[in-house]
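# Notes for the structure review
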Amino acid sequence: MKSVKITAKKNFDLNKIKLDVSKELNLIGDMIRKDIRMGIKAQRTIDGKVMKPLHPFTVKEKGFPAPLIKEGTMSRVNVKKATKKKQEVKIYPAKQRTQPIKGFPLGIAEIQQKGARIRVTDNMRAYLHGRGLHLSKKTQSLEIPARPWFGISDKIMRDIPRMIKARIRQEIRRARF
């Protein structure tokens, strides 16, 4: 983050400044959570790019074209709030249906974030054939494109210092003689 300079032009009582950092950390966590949810709803990656559309087979299976959001599995972002004792905010995707998958210990969330190449086995080929997706015998793997939705966007990285600066200014104004 960029350093912030604040100039006090009037006398103020430092004892009147009651800046509770846990409140600011929680505000930052809320900003990030809202940014992630808005990005998912807009089908944009965390860096602002449009997510690659779902394969027609996936749309048919799910019954809707929107990645992630309608089912809600990835849209529910949990935030562990900061307290006066613990000055940290942890943001992580909801655990429901994000169980580990062989080669992807973080499960579905990791595949969404990074993308994946999955080897087609005979069992998978038979299963997909039964579901209506007929793969060529030459198809050895399936590519799942990355749809990175989790992280902190550039916009929020710019907004955080502004918010902190405004909160500090507000406290200094309150502490004036």
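The structure this text deals with has already been given above.
Secondary structure assignment for the chain yields five helices and four strands. Listed N to C, the secondary structure of the chain is α-α-β-β-α-β-α-β-α in terms of helices and strands. Taking the contacts inside the chain whose residues are at least 6 apart along the sequence as the reference set, 64% of them involve residues at least 24 apart. About 12,500 Å² of surface is accessible on the chain, with carbon and sulfur atoms providing 55% of the total.

Right, let's get into unusual backbone geometry. Positive phi outside glycine occurs at glutamine 43, with the angle close to 55°. Mapped onto the elements of the fold, glutamine 43 is located in the loop between helix H1 (21-41) and helix H2 (56-62). On the accessibility criterion, glutamine 43 (27% relative accessible area) is partly exposed.

Quick look at the side chain of arginine 33 now. Considering the arrangement of structural elements, one finds arginine 33 in helix H1. Since its relative accessible area comes to 18%, arginine 33 is described here as buried. A polar side-chain atom of arginine 33 sits 3.2 Å from a polar atom in the side chain of aspartate 30.

Attention now moves to the nonpolar core. Of all hydrophobic cores here, the largest spans ten residues; its members are Ile28, Met31, Ile32, Ile36, Ile40, Met51, Trp149, Ile156, Ile160 and Met163. Listed by contribution, the elements that provide at least two residues to this core are H1 and helix H5 (154-174). Looking at which element gives the most residues to this core, the answer is H1, with five residues. The contacts of methionine 163, once residues within four sequence positions are left out, are Glu24, Leu27, Ile28 and Met31.

This part takes up the pattern of salt bridges. The full count for this structure, using the stated rule, is seven salt bridges. With a closest N to O distance of 3.8 Å, lysine 49 and aspartate 47 form a salt bridge. With a relative accessible area of 54%, lysine 49 lands in the exposed category. Of the charged contacts in the structure, one is a salt bridge between aspartate 159 and lysine 155, with a shortest N-O distance of 2.5 Å. Within this pair, aspartate 159 and its partner lysine 155 are both found in helix H5, separated by four residues, close to a single helical turn. Residue class for aspartate 159 comes out buried when judged on its relative accessible area of 17%. It is possible to trace a salt-bridge network through shared partners that takes in Lys155, Asp159 and Arg162.

Criteria and cut-off values
Residues numbered from 1 in each chain as written. Predicted model: local features only at pLDDT ≥ 70, side-chain atom pairs only at ≥ 80, totals over all residues. Heavy atoms only, no water. Helix = DSSP H or I, 4+ residues; strand = E, 2+ residues; numbered from the N terminus. Contact = heavy atoms within 4.5 Å. Areas by Shrake-Rupley, 256 points an atom, 1.4 Å probe, with all protein chains shown as cover. Buried < 20%, exposed > 50% of the residue type's maximum accessible area, 1.4 Å probe, protein only. Polar contact = N/O pair within 3.5 Å; in protein donor to acceptor, adjacent residues only side chain to side chain. Core = buried A, V, L, I, M, F, W, Y, C linked by side-chain atoms within 4.5 Å. Salt bridge = Lys/Arg side-chain N within 4 Å of Asp/Glu carboxyl O.

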